[in-house]
Amino acid sequence: MIANIGYGGLLVAFAVALYGIAAAIYGAVKKNERVAESARLAMQLTFPLVSVAVVALLVLLVSGRYEYAYVYNVTSSAMPLYLKITALWGGQDGSLLFWSWLLSAFTTAVTLRKWDRDREFLPWVVVVALVTLVFFLTLSLFVDNPFERFFISADGGEVLAMFQPAGTFAVLPPDGRGLNPLLRHPGMIIHPPMLYLGFVSFVIPFAFAIAALVTGRSDDRWIRITRRWSLTAWLFLSLGLLLGSRWAYDVLGWGGYWGWDPVELAAFMPWLSGTAFLHSVMIQEKRGLFKRWNMILIILTYLLVIFGTFLTRSGVVNSVHSFARSALGPLFFAFIALSALTAFALLVWRWEKLHAEGNMTSLLSRESFFLFNNLLFMGLLVICFSGVVYPIVAELVTGNKVTVGPRYYELATPPLFLGLLLLMGIAPLSAWGRSTVKTLGKAIWKPLAASLLVLAGVILLGVRSVMALTGLWLAAAVGFITLYDYGRAVLARARRSGESLPLAFWRLAGRNRRRYGGYIIHLGVVIMAIGIIGIESFQVETQRAISRGETLSLGAYSVRFDDVKSFDTNDNRNVVRAEMTVIKNGREVGQIYPRRDFFYDSQQPMTIPGMYSTLEEDVYVILADWQPLTADRATFKFYLNPLINWLWTGGLVFILGMLVAAWPAQEDEPAGEVKP
Amino acid sequence: MRPARAARAAGYVLAACLIVGLVFSAFGVPRAAAQSEQPSPTPVISDDQVNAIARDMYCPICDNIPLDVCPTAACAEWREQIRTKLAEGWDRKQIEEFFALRFSDRVLSLPPARGLNLLLYIGPALILLAGIAAVYFTVKKLLKKPSAGGQTAEPAREDEYIRRVEEELRRREREK
Amino acid sequence: MSLNPSTPASAEPTPPRAAPLPWWAVALAFLLLVGFLTILGLALRNPAVEVGDHVPPFILESYNGEQVNTADFQGKVMLINFWASWCDPCAQEAAELEAAWKALQPGGKVVFLGVAYLDTDREALNYLKQYGITYPNGPDNQTRISNIFRIRGVPETYLVDAQGRLAAVKIGPFASVDEIFQMIQPHLP
């Protein structure tokens, strides 16, 4: 009954969305305001309707109705309540429904804005948003229906259906299989919603861009309206990526935080094009340049969002957390092809209209630095895209799979990342239109000199890798330049307004959030870069089987194997847990507990590292092997991960900066709205 | 500096940076060598020696988890095979080739640069070059374009802002 | 610090008209897009051999050093079993497969082939010895054979009929010798 209500809600939402598309097109073409308004109302209705389905599924999940295949696959009675709720996005069917739900929430939110002066955009925004929604609802309704139940046919076969087929009888499994243990980590519970929120909010700027193309408005109105949406999308996508890396570091047990896995890249690619977009729209806003390029970027971002969802859902590429091959593939393919070709045709149609309205006056200008920034981001995107797509091509042509692993990206991307770091230091100091070498030099030379001291210090510490030296020096330089520039501005403000320095410090950021939010984001990136350079260049590891009481040493640290215990827990796990003492320079500094969990209901093992974490480095130990017969001996893998905590700290600073930049401010929104 | 020449110079500089960067990245990033301080008593070939090779290999059973940390029985066997080969005096290259021949190229973290795989190495570089060319021509065109009505007479807001800050700073320095 | 409403974006009514987009650029971009979509589309096809399809011939280099060419088995029923020494369920059916082979070999109408999937030689040979397996077995070099069938795991068994078409598939281990007979019997020539 509950399932039928949920499914019914989806069906009605589907019909309403179809009506909305038809009404919007009719209303726009026939210039019929009332019909167009009904399309807006239809779009507003989708959120409550899809919510009915989500609530229904939640009720099934929480009440343990294991006759429903989805409930059976992702929950078990031993799971705590919050995991039963988050199991909503723990499997394929549920996460697709969740996607639709978020999208409907966002589209509904869009309908609530004041449309008075952008009336002509409305119908086309509705069309784009609802077509996307209809696609995802189609998947939930006809391919991966989360409300299907188990039935057994006369010949003993298992049948999945909404309603009992003739000649079958219902089955009621006593318990479910439980959520994939890898997905039970807090990071993994919040990570998918963050990514999906990021994905979904990029649909909105795309919808406005298409609306601008269709209506032929060549100004930057669509960019101004959707600026906050783009920032929100970017915030969530970044958060999702950060949480994903933290999860990988804590749970996957391979000593790293980023594996250049196709599924990670699926989220990273829209992030790259989205970041390029966020920078390059500013050129259009300030100088009227690169209108076509911005269109291309937002279209690309949207396509990458769909492509990313497709990659993780269709099983075209195999990956740690990708789901099995399914019927989704062809549908996604059709949708990507349709959107790509439509957007392409629209862009060609409006190409001439989108010509540049300004010109460039100097290479030493903000716009030209942003252009190089875009070039580097696109370079990264091309590399990632090639790495993801090449195995598919190779298998098609040669019949054999290949792996494009981290080594490929580690070979190709560092120069581009360093280039971005460099630009990050200079670009914010440059002026729109034209800067002079003199003003730039003046803003740079002191921090640059300070960064040379850092470089010398690092060399004295014994670092010889050219790449690491370049990276650390650039990071120091950019960090200093950014802080120095902010400091100068604070002084100037204090001088002019007579405010005290702390007040000036605070008010300055508040006055120009977009600019100084960007500064904070850049500082976050610098701190993260230091962490990444640390672990990428200086990570060391060792592995050996040791007996109780023996130690394993690496650098200044050693770990002593004290004990190991194997026990069953009441949530159906077998845990093998080692106790180890961390010793630094002969002093005992802490205890760690690397362990292996085996989940009986899903028959999956999980390796959880023991970690002793400091600002300088992490002691990261994995229980690599343990035979119950020789309980006195176990194999441990011991990593020393230098500076990894800088990565997480930098991530927090980064997010803080995004909040500053995206927070509704009084002075910039009205100004944007006043524009004719 | 004339705009066209400036643009060309910038193009060259960017290209040079990319090439230098690529060369650095090819030789510069040494994978931190595993170190084991006490030679382990029993095996001739230590786990670290095995892992040094295994970390750059993938066993198709654990997708995207490097061989050195994949917990399955199959991967354990593969690691033992690496150990055996190392004990027989094989080097890293020989072992990688052996595994690639036996289990196909997908076991390698980096597809060998031959045949179709060259596409993976040359393709992105070519696209990148095309991108640089596109930027170069765009900049050239935009710099040449006649100004749409007194360019310097339209300073954007932020320039104004920076100018004011600079002025403020100058005054401050004078007063000191 | 309010935004200057007359940023160049919307200020003047654009004097210089932009050059039209050259047709070759449109064509090139379109070709690239369609090319990529084609690759993606082709990749989505499932090229696995389905029941009723013709199975392309392949060569198995057996552990005894023979080159076993399946093209030589025209007119015979062929049972292809994928296994691995690291796979516990494979061991459950090893004795049954060998017993079935012992029973069917004299008839001369059936061929058994064992393919070791992602296995190392030493362990594979130990396994064959441990279960006394006598039909031809060999490694799946470069996973070419398993690629034909797109196997999902081991053990999996594929039956090819006398006409060279895929006749039946068994995912997972056989429970008994009878089950193996039941799979083969209907397809005997």
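For the structure itself, look to the data block above.
Residues numbered from 1 in each chain as written. Chains lettered and ligands numbered in written order. Predicted model: local features only at pLDDT ≥ 70, side-chain atom pairs only at ≥ 80, totals over all residues. Heavy atoms only, no water.

1. Things to note about the overall build of chain B
Part 1 of the reasoning: The number of helices and strands found in chain B is six helices and zero strands.
Part 2 of the reasoning: Across chain B, helices and strands are ordered from the amino to the carboxyl terminus as α-α-α-α-α-α.
Part 3 of the reasoning: Look at the contacts in chain B between residues 6 or more apart in sequence, and 45% of them connect residues 24 or more apart.
Part 4 of the reasoning: Carbon and sulfur atoms form 62% of the exposed surface of chain B, whose accessible area is close to 9500 Å². (Helix = DSSP H or I, 4+ residues; strand = E, 2+ residues; numbered from the N terminus. Contact = heavy atoms within 4.5 Å. Areas by Shrake-Rupley, 256 points an atom, 1.4 Å probe, with all protein chains shown as cover.)

2. Points about the sheet that holds strand β3 (residues 168-170) of chain A
Residue and element names in this part refer to chain A.
Part 1 of the reasoning: What the three strands build is an open sheet, ordered β2-β1-β3; its pairing is antiparallel. A strand with exactly one partner marks an edge of an open sheet, and here the two such strands are β2 (158-161) and β3. On average, each strand axis in the sheet is inclined to that of its neighbour by 40°, with strand direction left out of account.
Part 2 of the reasoning: Direction of pairing for strand β1 (residues 149-153) relative to β2: antiparallel, over a ladder of four bridges. Among the inter-strand pairings, arginine 149 is bridged to a residue of β2, identified as alanine 161. (Pairing = 2+ DSSP bridges. Axes fitted to C-alpha atoms, helices over the stretch in contact; angles between N-to-C directions.)

3. A word on the sheet that holds strand β4 (residues 110-116) of chain C
All names here are of chain C.
Part 1 of the reasoning: Taken in spatial order, the five strands of this open sheet run β5-β4-β3-β6-β7, and their pairing is mixed. The open sheet is flanked by β5 (137-139) and β7 (166-171), the only strands paired with a single partner. Taking each pair of neighbouring strands and ignoring which way they run, the sheet shows an average axis angle of 20°.
Part 2 of the reasoning: As paired elements, strand β3 (residues 77-83) and strand β6 (residues 156-160) share five bridges and run antiparallel to each other. Bridge pairing in β6 links leucine 79 to leucine 159.
Part 3 of the reasoning: Sheet contacts for helix α2 (residues 88-104): β3, β4 and β6; angle to β4, the most-contacted strand, approximately 155°.

4. Some points on the nonpolar core
Part 1 of the reasoning: Ranked by size, the top nonpolar core spans 273 residues in total, and within it A:Phe147, A:Trp222, A:Phe307, B:Ile82, C:Phe112 and C:Phe149 carry the most contacts.
Part 2 of the reasoning: Counting residues per element, this core draws most heavily on helix α7 (residues 186-215) of chain A, at 20 residues.
Part 3 of the reasoning: Excluding residues within four positions of it along the chain, B:Ile82 makes contact with B:Val50, B:Ile53, B:Ala54, B:Met57, B:Leu67, B:Ile95 and B:Phe99.
Part 4 of the reasoning: The next biggest cluster of nonpolar side chains, apart from the first, holds 21 residues, and it includes A:Ala578, A:Ile592, A:Val619 and A:Phe636. (Core = buried A, V, L, I, M, F, W, Y, C linked by side-chain atoms within 4.5 Å. Buried < 20%, exposed > 50% of the residue type's maximum accessible area, 1.4 Å probe, protein only.)

5. Looking at the environment of A:Thr542
Part 1 of the reasoning: Structurally, A:Thr542 is set in strand β4 (residues 540-547).
Part 2 of the reasoning: Residue A:Thr542 is classed as buried on the basis of its relative accessible area of 3%.
Part 3 of the reasoning: When the C-alpha atoms of A:Thr542 and A:Val621 are compared, they prove to be 9.7 Å apart, with 79 residues separating the residues in sequence.
Part 4 of the reasoning: There is a polar contact of 2.4 Å between the side chain of A:Thr542 and the side chain of B:Asp48. (Polar contact = N/O pair within 3.5 Å; in protein donor to acceptor, adjacent residues only side chain to side chain.)

6. Some points on helix α17 (residues 501-511) of chain A
All names here are of chain A.
Part 1 of the reasoning: Burial in α17 covers these residues: Ala504, Leu508 and Ala509. Angularly, the buried residues of α17 cover 125° about the axis, an arc narrow enough to put them on a single face. Structural note: α17 exposes Pro502 and Trp506 on the side pointing more than 90 degrees away from its buried face. (Arc of directions from axis to C-beta.)

7. Side note on the packing of helix α12 (residues 366-398) of chain A against helix α5 (residues 118-144) of chain B
Part 1 of the reasoning: Here α12(A) crosses α5(B) at 160°, and the two axes come no closer than 10 Å. Relative to α5(B), the element α12(A) is oriented roughly antiparallel. Considering only the axes of α12(A) and α5(B), their crossing is right-handed. Two secondary-structure elements touch here, α12(A) through A:Leu371, A:Phe372, A:Leu375, A:Gly379, A:Val382, A:Ile383, A:Ser386, A:Gly387 and A:Tyr390 and α5(B) through B:Leu119, B:Leu120, B:Pro124, B:Ile127, B:Leu128, B:Gly131, B:Ile132, B:Val135 and B:Val139. (Parallel < 35°, antiparallel > 145°, perpendicular 65-115°, else oblique. Left-handed = near helix turned anticlockwise from the far one by under 90°.)

8. Remarks on the packing of helix α15 (residues 437-460) of chain A against helix α16 (residues 466-497) of chain A
Residues and elements named next belong to chain A.
Part 1 of the reasoning: Here α15 crosses α16 at 145°, and the two axes come no closer than 8 Å. Of the two possible hands of crossing, α15 and α16 adopt the one that is right-handed.
Part 2 of the reasoning: Looking at the contact of α15 with α16 residue by residue, the classes come out as 18 nonpolar, one polar and three charged. (Nonpolar A, V, L, I, M, F, W, Y, C, P; charged D, E, K, R; others polar.)

9. Focus: the pattern of salt bridges
A side chain of one charge can pair with a side chain of the opposite charge when the charged atoms of the two come close.
All names here are of chain A.
Part 1 of the reasoning: Evaluation of the coordinates by the stated rule reveals 43 salt bridges over all chains.
Part 2 of the reasoning: Measuring nitrogen to oxygen at the nearest pair gives 2.9 Å for the salt bridge that ties aspartate 562 to arginine 560.
Part 3 of the reasoning: Taking the relative accessible area as the measure of exposure, aspartate 562 reaches 24% and is therefore partly exposed.
Part 4 of the reasoning: Several salt bridges converge on common partners, so that one network encompasses Asp220, Arg224, Arg227, Glu285 and Arg514. (Salt bridge = Lys/Arg side-chain N within 4 Å of Asp/Glu carboxyl O.)

10. Considering the side chain of C:Ser146
Residue and element names in this part refer to chain C.
Part 1 of the reasoning: For serine 146, the location among the structural elements is in helix α4 (residues 144-149).
Part 2 of the reasoning: We classify serine 146 as buried; its relative accessible area is 4%.
Part 3 of the reasoning: If we skip the residues at most four places from it in the chain, serine 146 touches Phe82, Tyr117, Asp140 and Ile151.

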